[in-house]
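# Commentary on secondary and tertiary structure
In case you want the letters, here they are:
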Amino acid sequence: MKELTVDAVLENMPRVTAFVDEQLEAFGCPPRVQAQIDVAVDELFGNIVRYAYKPGVGLATVRAEVTEEPAVILTFIDNGVPYDPLKKEDPDITLSAEERQEGGLGIFMVKKSMDEIAYEYKDGQNILQIKKKI
């Protein structure tokens, strides 16, 4: 398992994505799967940046591991405001963008593109884990 801890600021998005991509490329992850994972990383790290510590800044940790399946498991950890994004109702994608309630589309995309997603709040930490079979 590899781990990266950075300030939860938008400027660190390229660093987080590069860290994840490095792990995926070392394992020979197919480009299509890597692209799906990159979208999820962008959404999940972006949510930590935008919501976890406002108005301040805190740390975010990303853990990456590859299982024997093979699959990649990414874990996003922050000490921000407790929030379970999986409890948010999925947006009604049959509605137009103007009619649809704001928010929730990004996590909806993550739920649809990953094989598993789980959240827990433990020891003062938000812990969100995604799994994608390779």
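Placed above this text is the structure.
Read on for a plain summary of the structure. Just so we're clear, the structure is a prediction, and the values are computed from it rather than from any experiment. Position numbers for residues count from 1 along each chain, tracking the sequence in the order it is written. A pLDDT threshold of at least 70 governs which residues receive local features in this predicted model, and a stricter bar of 80 or more applies before side-chain atom pairs are shown or counted, although totals over entire chains, interfaces and linings include all residues. Based on all heavy atoms of the structure, the side-chain values leave hydrogens and waters out of the count.

## Comments concerning the overall build of the protein
A count of helices and strands for the protein gives 3 helices and 5 strands. Note on conventions: DSSP H or I runs of at least 4 residues are helices, E runs of at least 2 residues are strands, and numbering of each starts at the N terminus. N-terminal to C-terminal, the α/β element order of the protein is β-α-α-β-β-α-β-β. Buried means the residue's accessible area, taken with a 1.4 Å probe over protein chains only, is under 20% of the maximum for its type, while exposed means over 50%, and partly exposed covers the values in between. Each of the 134 residues in the protein was classed as buried or not, and the buried ones make up 43%. Within the protein, contacts between residues at least 6 apart in sequence are counted, and of these 63% link residues at least 24 apart. By the convention used here, residues are in contact when the closest approach between their heavy atoms is within 4.5 Å.

## Let's talk about the sheet that holds strand S5 (residues 125-133)
Pairing is antiparallel in the open sheet, where 5 strands are placed in the order S1-S2-S3-S5-S4. Strands at the two margins of the open sheet, each flanked by one partner only, are strand S1 (2-7) and strand S4 (116-122). The sheet shows a mean angle of 15° between the axes of neighbouring strands, direction not considered. In short, DSSP must find at least two bridges between two strands for them to pair. Where strand S2 (residues 59-67) meets strand S3 (residues 71-78), 8 bridges bridge the pair, whose relative direction is antiparallel. The residue bridging Glu 65 from the neighbouring strand is Ile 73, located in S3. Axis lines are fitted through C-alpha atoms, for helices just across the contact stretch, and the angle between N-to-C directions can take any value from 0 to 180 degrees. Here helix H1 (residues 13-26) sits on the sheet and contacts S1, S2 and S3; the angle it forms with S1, its principal contact strand, is near 175°. In the packing of helix H2 (residues 31-52) onto the sheet, contacts are made with S1, S2, S3 and S5, and the angle to S3 comes to roughly 10°.

Keep in mind that these numbers describe shape and distance, not what the molecule does.
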